Amino acid sequence: MKTEYYEKVSNLNFIKNKGLNKRIGIKNFKWVVKNTFFKFFNQKIKLEDKNADLTEIRSEMMLSEISHLIGFLFVSIVASYKCITTGILFGLAMMIPNILMNLYPSLLQQENKRRIDKILNRKMKTVANNV
C-alpha cells in the first residue's frame, strides 16, 4: 500500500465492459458468492448499511483483489510448468479451480470497485455543489 504503484493498482480494471462481464458469468458468480457459504469469507467488504465508510470498503476490496491476482499468477505459473512436465490434463485440473477461486473473485472485486467509485463520485459532486 505504501509503494508508488498503489495508485495505479487501485484503479486496475481488466474488463471495463459490463456486457463482457455478463457474458463470462460474473453476474452468476456474484450470485454464488452472495447466496452460499462464500458470503462468510471476507466480512470486511460487506456493506451493512448506507452509512458505511465506502473508502474503507474499497480499500479492503483492493487488498482482496490483489491477493487473488497474486494467487492466480502464482498458480498459473505452476500449472503451466506442470502442463509441460506432467501433462495438459494436470495443468487444466489446476487452472480451472484457479480461474474460479482467484480470477473470478478478482474480476468481481473490480466490478464492485467501479460501483463504489460511482457512488463516491456522486457524493463528491453533491458536496462540491453545496459549498
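A.B. asks: Sorry if this is basic, but what is going on with the layout of surface pockets here?
C.D. replies: If you roll a probe as big as a water molecule over the atoms, it shows you where there is empty space left. Size it by volume and the largest pocket reaches roughly 1000 Å³. Lining the largest pocket are 31 residues, with Val33, Lys34, Ile45, Gln109 and Asn112 sitting closest to its centre. Every element with two or more residues in the lining of the largest pocket is listed here: α3 (26-35), α4 (54-85) and α5 (88-130). In terms of residues, the lining of the largest pocket owes the most to one element, α5, which gives ten residues. The residue makeup of the lining of the largest pocket, split by class, is 17 nonpolar, six polar and eight charged. There is about 260 Å³ of room inside the second largest pocket. Around the second largest pocket sit Lys18, Asn21, Lys22, Ile26, Lys27, Lys30, Glu111, Arg114, Arg115, Asp117, Lys118 and Asn121, which together line it. Among the elements of the structure, α2 (18-23), α3 and α5 are those that each provide at least two residues to the lining of the second largest pocket.

A.B. asks: Whenever I open this one, the packing of α4 against α5 confuses me. Can you help?
C.D. replies: A pair of packed helices is characterised by two quantities: the angle between their axes and the separation of those axes. Two elements in contact, α4 and α5, have axes separated by 8 Å at closest approach and are oriented at 160°. Considering the angle they form, α4 stands roughly antiparallel to α5. Of the two elements, α4 crosses α5, and the hand of that crossing is left-handed. Its residues assigned to classes, the contact of α4 with α5 comprises 21 nonpolar, twelve polar and six charged.

A.B. asks: Explanation requested: a nonpolar patch on the surface in the structure shown.
C.D. replies: A cluster of nonpolar side chains, contributed by Ile88, Leu89, Leu92, Ile96, Leu100 and Met101, occupies part of the molecular surface with about 610 Å² of accessible area. Within the secondary structure, Ile96 sits in helix α5.

Definitions and limits used
Residues numbered from 1 in each chain as written. Predicted model: local features only at pLDDT ≥ 70, side-chain atom pairs only at ≥ 80, totals over all residues. Heavy atoms only, no water. 1 Å grid on protein atoms, 1.4 Å probe; cavity = no way out; pocket = protein on both sides within 12 Å on 5 of 7 lines; lining within 4 Å. Points joined across faces, edges and corners; volume = space filled by probe spheres on them. Helix = DSSP H or I, 4+ residues; strand = E, 2+ residues; numbered from the N terminus. Nonpolar A, V, L, I, M, F, W, Y, C, P; charged D, E, K, R; others polar. Axes fitted to C-alpha atoms, helices over the stretch in contact; angles between N-to-C directions. Parallel < 35°, antiparallel > 145°, perpendicular 65-115°, else oblique. Left-handed = near helix turned anticlockwise from the far one by under 90°. Patch = residues over 30% accessible without salt bridge, like charges linked within 9 Å, V, L, I, M, F, W, Y side chains within 5 Å. Areas by Shrake-Rupley, 256 points an atom, 1.4 Å probe, with all protein chains shown as cover. Salt bridge = Lys/Arg side-chain N within 4 Å of Asp/Glu carboxyl O.

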